[in-house]
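Observations on chain architecture
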Amino acid sequence: MDLGITGRWAVVCAASKGLGKGCAAALAREGVNLVINARGKDALEATAAELRALNPAIEVKTVVGDVTQEDVREALLAAAPQVDILVNNAGGPPPGDFRDWRQEDWYKALDANMLTPIALIQRTADAMAERGYGRVINITSGAVKAPIDILGLSNGARSGLTGFIAGLARQPGLAGRNVTFNNLLPGPFETERLEKTLAVASKASGLTQDEVAQQRRKGIPAGRFGTSEEFGAFCAFLCSVHAGYMTGQNLLLDGGAYPGTF
Ligand code: NAP
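Now for a description of the structure that goes with this document.

Reading guide: rules and limits
Residues numbered from 1 in each chain as written. Predicted model: local features only at pLDDT ≥ 70, side-chain atom pairs only at ≥ 80, totals over all residues. Heavy atoms only, no water. Pairing = 2+ DSSP bridges. Helix = DSSP H or I, 4+ residues; strand = E, 2+ residues; numbered from the N terminus. Axes fitted to C-alpha atoms, helices over the stretch in contact; angles between N-to-C directions. Salt bridge = Lys/Arg side-chain N within 4 Å of Asp/Glu carboxyl O. Buried < 20%, exposed > 50% of the residue type's maximum accessible area, 1.4 Å probe, protein only.

Regarding the sheet that holds strand β5 (residues 134-139)
The parallel open sheet is built from seven strands, whose spatial order is β3-β2-β1-β4-β5-β6-β7. The strands lining the two open edges of the sheet, one partner per strand, are β3 (60-64) and β7 (249-253). Taken pair by pair, the neighbouring strands of this sheet meet at an average axis angle of 15°, ignoring direction. When strand β6 (residues 179-186) meets β7, the two strands line up parallel, connected through five bridges. Looking at β7, one finds that N183 is bridged to N250.

Considerations on the pattern of salt bridges
Enumeration over the complete set of coordinates arrives at seven salt bridges. A salt bridge links E192 to K17; the shortest N-O distance between them is 3.4 Å. Of this pair, E192 sits in helix α7 (residues 192-205) while K17 sits in the loop between β1 (9-12) and α1 (18-29), placing them 175 residues apart in sequence. Between K21 and E50 there is a salt bridge, with the nearest N and O atoms lying 3.1 Å from each other. Remark: E50 occurs in helix α2 (residues 41-54) and K21 occurs in helix α1; sequence separation between them is 29 residues. According to the relative accessible area criterion, E50 is partly exposed, its value standing at 44%. One network of salt bridges, in which partners are shared, links R8, D84 and R131.

This is how it looks when you write it as structure tokens:
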């Protein structure tokens, strides 16, 4: 299927590794020019080189820095001649006990997982509407639908973004101008973040990391963790010309782990 987005420009935040990189790679394969970002320069440049090799016909620009910083966001937007596709992503907040979280911890979580995506949307949505094409994808978490107790900072901040997007997506000035906003909710995907989570669980339980992973896989009907490639492919479809009639949705990719009908 031709996704119809060759030559478009995408800003993909937090994209040197994991799910963000998966999205950037899938868009690169479709001929989308990219501006990608992460804090670590070496990994970001290595990913940019991989993307250029994947599709030599596209332009790939990099912006090093923390996407929660306004100057970094401005640099990201300035690097793209126009933003047709925006993939919002950042690291997730740490797990913990709600008794220990101070206001500062909440501000950090809200900044990364709610206010930063909103700030980028504020700066790009109207121009997308004027041009009659826009796709905004927010990488959130399966924890928005099935909250995990130790991830309270993530549950709270991402639910805030989810509520905001639900209202925004339905504004006629955006939905009626072919600008869509959808959230992708990953369950467990094989990334560095998952490895870190498994390492913490292994330490706490006394089981080896492999045993913890095996237990986690048993709770997933698909019997495995997802891959960044399949996450990226789904994201690219949502960015395509074919997905213009879907907006304001929360799409769970979790191998069937969530047991409900809706
Ligand atoms: P990952 O493998 O750790 O990769 C995170 C990427 O984001 C890296 O490229 C990292 O590079 C970059 N990054 C992190 N914080 C950043 C910031 N403030 N500014 C710019 N770049 C930043 O993580 P992932 O598994 O792909 O997860 C992506 C998102 O999905 C996270 O919010 C995570 O909580 C959520 N999620 C993941 C899973 C899963 O199973 N993987 C499940 C549910 C939710 P630098 O460190 O160099 O900046």
